[in-house]
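Reading the structure
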Amino acid sequence: MRKIAAMEDFFSEEHRRQIVETAEKVGFTVDFYPRDTLPAGRETEYEVFYGFPPMDLLKKAVNLKWYCCSFAGVDKFLSDDIYPNPDVMLSNSSGAYGTTISEHMIMVTLMLLRHMPTYVETVRKHQWHESIPMRSICGSTITVLGAGDIGTNFARRAKAMGAKLIRGVRRTAKAGDPCYDEMYTFDRLDEILPKTEILVMALPSTPDTVGMLSRERIALLDKDAIVVNVGRGTAIDQDALMDALNEERIAGAALDVMMPEPLPADHPLWDAKNLIITPHISGNMSLGITRDLDVAMFCEDLENYAVGRPLKRYVNRKIGY
């Protein structure tokens, strides 16, 4: 019998039932393990991994043909060196995280526009602060750098809240979701940054995206611009961003991802002006809808895999998505 190892901590009884029923329908059995756990010596039993396996055992899984990661970001799993052979297919769970991460992006964007970091600090000191002029998503010009599932979920919500103009920026210029007013390719980023009030970044970590928001590009932003990054910390010149914040050359930033992670307690990023830091928690499995979608998408691709159809969320490890 063909076998699947499902390695995650969030599975409910309903999730397990759904996975088992789908597997049995297409000729597989399933063994469940906690995340990052698989008994040594059993890795050779499995044709499919789903979830988050121990990295050191991937190479020893000589019968592995497909690994479905329960995360959307799979930069840790791109190298051929970690697999028993280069033919092992990789897929991700892109599509499960759009709701939770876009809600986080809306939250921190509003916090910056409405000066919540300032008010939180003054209230903590038991002070009564006079009203500060605020801004709104309504009427704003927004650039979404990384117009995939997460960026598009944010753009839809921002459009519903009255954003004046939303530009998507991605690798190709093909038509995007109707929530985008304009679509650009990465090579045109410099021309739209000076006209951006809210820059949101939801990029994977690939050779093309590392350092994309460079010191030179940060300098193109208006002093009233804010930056929100939920993709990967490698996409931003972090020192340049700190300088721009501390010198008040941009209005604020919110980072859910940074370099390194975890951020050391003595890192200067903690003390940058008007910066909201969250410890890479915008996604995860904190919402029920995320967990449900993750399992449903694996089951959908398991049916595709079993009959030889292309995986819907296949990741080309050479290019990183």
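Relevant structure appears above.
Structural notes, computed from the coordinates. Since the model is a prediction, treat every value here as computed from it, not as a measurement. (Residues numbered from 1 in each chain as written. Predicted model: local features only at pLDDT ≥ 70, side-chain atom pairs only at ≥ 80, totals over all residues. Heavy atoms only, no water.)

1. Remarks on the side chain of threonine 109
Secondary-structure assignment places threonine 109 in helix H3 (residues 98-113). We classify threonine 109 as buried; its relative accessible area is 0%. Side-chain polar atoms of threonine 109 contact the backbone oxygen of methionine 105, separated by 2.7 Å. What threonine 109 contacts, discounting residues up to four positions off in sequence, is Ile137, Phe154, Ile198, Ile226 and Val228. (Helix = DSSP H or I, 4+ residues; strand = E, 2+ residues; numbered from the N terminus. Buried < 20%, exposed > 50% of the residue type's maximum accessible area, 1.4 Å probe, protein only. Polar contact = N/O pair within 3.5 Å; in protein donor to acceptor, adjacent residues only side chain to side chain. Contact = heavy atoms within 4.5 Å.)

2. A few points about the sheet that holds strand S7 (residues 165-170)
Strand order across the open sheet formed by seven strands is S8-S7-S6-S9-S10-S11-S12, with parallel pairing between neighbours. Every interior strand has two partners, whereas the edge strands, strand S8 (182-185) and strand S12 (275-277), have only one. Each neighbouring strand pair of the sheet contributes to a mean axis angle of 15 degrees, computed without reference to strand direction. In terms of strand pairing, strand S6 (residues 141-145) meets strand S9 (residues 198-201) through four bridges, oriented parallel. Each residue of the ladder has a partner; that of leucine 145, found in S9, is methionine 201. H3 rests against S9, strand S10 (226-229), strand S11 (252-255) and S12 of the sheet, and its axis sits at about 155 degrees to S10. (Pairing = 2+ DSSP bridges. Axes fitted to C-alpha atoms, helices over the stretch in contact; angles between N-to-C directions.)

3. What to know about the environment of glycine 139
On the secondary structure map, glycine 139 appears in the loop between helix H4 (116-124) and S6. Considered as a pair, glycine 139 and serine 205 are 66 residues apart in the sequence and their alpha carbons are 31 Å apart. Filtering out sequence-adjacent residues up to four positions away, glycine 139 remains in contact with Gly162, Ala163, Lys164 and Glu197.

4. So, a nonpolar patch on the surface
A surface patch of nonpolar side chains, about 220 Å² in accessible area, is lined by Met116, Val120 and Met134. Relative to the assigned elements, methionine 116 resides in helix H4. (Patch = residues over 30% accessible without salt bridge, like charges linked within 9 Å, V, L, I, M, F, W, Y side chains within 5 Å. Areas by Shrake-Rupley, 256 points an atom, 1.4 Å probe, with all protein chains shown as cover. Salt bridge = Lys/Arg side-chain N within 4 Å of Asp/Glu carboxyl O.)

5. Details of helix H1 (residues 13-25)
The first and last C-alpha atoms of H1 sit 18 Å apart over 13 residues, in line with the 18 Å expected at 1.5 Å per residue. Here H1 has its buried residues at His15, Ile19, Thr22 and Ala23. Looking straight down H1, one finds that the buried residues subtend no more than 100 degrees of arc, so they occupy a single side. Exposed positions of H1 whose direction lies more than 90 degrees from the buried face are Glu13, Glu24 and Lys25. Trailing H1 by a residue or two, glycine 27 shows a phi angle of about 90 degrees, which is positive. (Expected span 1.5 Å × (residues − 1). Arc of directions from axis to C-beta.)

6. Thoughts on the packing of aromatic side chains
Per the stated rule, a full pass over the model turns up twelve aromatic pairs. Ring geometry for phenylalanine 11 against phenylalanine 32: centres 5.7 Å apart, planes inclined by 75 degrees, an arrangement best described as edge-to-face. Taken together, the positions of phenylalanine 11 in the loop between strand S1 (2-7) and H1 and phenylalanine 32 in strand S2 (residues 28-33) put the pair 21 residues apart, joining distant regions of the chain. Residue classification places phenylalanine 11 among the buried positions, given a relative accessible area of 9%. Centroid distance phenylalanine 11 to tyrosine 50: 5.8 Å. Interplanar angle 40 degrees. Geometry classified as tilted. Taken together, the residues phenylalanine 11 in the loop between S1 and H1 and tyrosine 50 in strand S3 (residues 48-51) connect sequence positions 39 residues apart. An identical accessibility class is assigned to phenylalanine 11 and tyrosine 50; each is buried. Taken together, the ring pairs connect Phe10, Phe11, Phe28, Phe32, Tyr50, Trp66, Phe298 and Tyr305 into an aromatic cluster. Here the guanidinium or amino end of arginine 16 rests over the ring plane of phenylalanine 32, the centre of that ring lying 4.6 Å away. (Phe/Tyr/Trp six-rings, centres within 6.5 Å; stacked < 30°, edge-to-face > 60°. Lys NZ or Arg CZ within 6 Å of the ring centre and 35° of its normal.)

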